[in-house]
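# Survey of secondary and tertiary structure
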Amino acid sequence: MISMDNNSPEVRHPITMTSQTQYSIPFNRSSVIGRELDYITEALRIGQIGGDQSFTKRCQGLLEQVLQVPKALLTTSCTHALELAALLLDLQPGDQVIVPAFTFVSTANAFVLRGAWPVFIDIRQDTLNMDEAQVERLLTPRTKVIVPVHYAGVGCEMDVITDIASRHGIAVIEDNAHGLFGSYRGRKLGTFGSFSAQSFHETKNVTCGEGGALLLNDAGYLERAEILREKGTDRSRFFRGQVDKYTWVDLGSSYVMSDVLAAFLFGQLEVWQQIQDKRRRVWEYYDRQLRDWARERGIRTPIVPPHCDQAYHMYYLLLPSLDQRTALIEHLKRRGILSVFHYLPLHLSRMGQKFGGRPGACPVTEDVSARLLRLPFYNTLSEFEQERVVAALLEF
Ligand SMILES: Cc1ncc(COP(=O)(O)O)c(C=O)c1O
């Protein structure tokens, strides 16, 4: 069985090339959807393989226009976008950051790298998002940031979270790794926090293998964000002709994506609606076919509140017990279908325990983590393949 713990992060594409042959329906499969290869060839032909060149600008422009944000900056990953956000907020050792216990390690790690202390919050039973009703109880004078994660691309209760944050003078940084193009009460996910972090990792709806973006909803941070992203130099200003040489002016690191990857990404981004439509059909097919079967067996299917337009990032089942989940993974595996579980409770990881995480502290996370199963879900999943997955499930 596939192993997963918080030291070997989330099983996002959990099979090696050799073990993949074991599965005729993998959990994830990357694919070329649009003009990705033409654009890569173009980037190579015009000799633009470094960062911040024409394809990066086209990707950023598209994100800014579709999401209506003042600025998008491509980064090497969502993890790095979160690190940039933590740097921009000037977090100091001992500052506290509220993060869900049910998330990927980077949601916490990006802040821990700055010396901050992660305060783990449990999740809601229905959406598996941060339980906004518990935020206020966790606030202290040292709380500086709340980091909502829109799990499976379904929006957190942003009305409540942003209201608490503004009343207490706390920043909100959205980890929108799952939620690109989803909305909450008609507003796009990723546009609520001061910053938000996107992922273009191979398991995401829109991908370039490894990549991310920082969205800045407050243009006041733009100049510094450019500097921190360019190794702490004012190189972006130099390229715009605003200074005649560039130099070291602040902290920073190397967070700029190569234009070769941006070329691939643009090929996907420009057909984002086609990708989302396809994923909606995949999600709805699973839901239609499995809902009654699941209900009769005490299996929970995803809950999407009416005020959330989800991003169709994944389809999961909550089995009645860990044993049943293990049995179902085995049952599907015997039929050549790879299904996977998801995050282990972050507060119970080795690092999480160093920050005070204890069993029982986030009971919903602990329970859900043991019972959740993700079904194969990718942009080219065919109806025939989905029929096979559903038939295998109905046999269980
Ligand atoms: C919620 C969440 N945040 C952050 C990340 C990290 O993304 P990346 O691999 O682009 O750094 C992931 C990875 O899948 C994730 O699920």
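Everything below is about the structure shown above.
Calculation notes
Residues numbered from 1 in each chain as written. Predicted model: local features only at pLDDT ≥ 70, side-chain atom pairs only at ≥ 80, totals over all residues. Heavy atoms only, no water. Pairing = 2+ DSSP bridges. Helix = DSSP H or I, 4+ residues; strand = E, 2+ residues; numbered from the N terminus. Axes fitted to C-alpha atoms, helices over the stretch in contact; angles between N-to-C directions. Buried < 20%, exposed > 50% of the residue type's maximum accessible area, 1.4 Å probe, protein only.

On to the sheet that holds strand 6 (residues 183-184). Two modes of strand pairing occur in sheets, parallel and antiparallel, and in both the strands are linked by backbone hydrogen bonds. Spatially, the three strands line up as an open sheet ordered 7-6-10, and their pairing is antiparallel. Every interior strand has two partners, whereas the edge strands, strand 7 (187-188) and strand 10 (308-309), have only one. Pairing geometry for strand 6 and strand 7, over two bridges, is antiparallel. When the sheet's bridge partners are listed, Ser183 is paired in strand 7 with Lys188.

Ordered by their spatial adjacency, seven strands build an open sheet running 1-9-8-5-4-2-3, and the pairing between neighbours is mixed. One side of each edge strand has no neighbouring strand; the edge strands of this open sheet are strand 1 (71-75) and strand 3 (117-121). Within this sheet the neighbouring strands show an average axis-to-axis angle of 25°, counted without direction. Strand direction decides the pairing type here: strand 1 and strand 9 (residues 212-216), joined by five bridges, are antiparallel. By the bridge assignment for strand 9, Ala72 is matched with Leu215.

Let's shift gears to the pairing of strand 3. The buried count for strand 3 comes to four of five residues, which makes it a mostly enclosed element. Note that strand 2 (residues 96-100) and strand 3 share five bridges and pair parallel. Directly across from Ile98, in strand 3, lies its bridge partner Val119.

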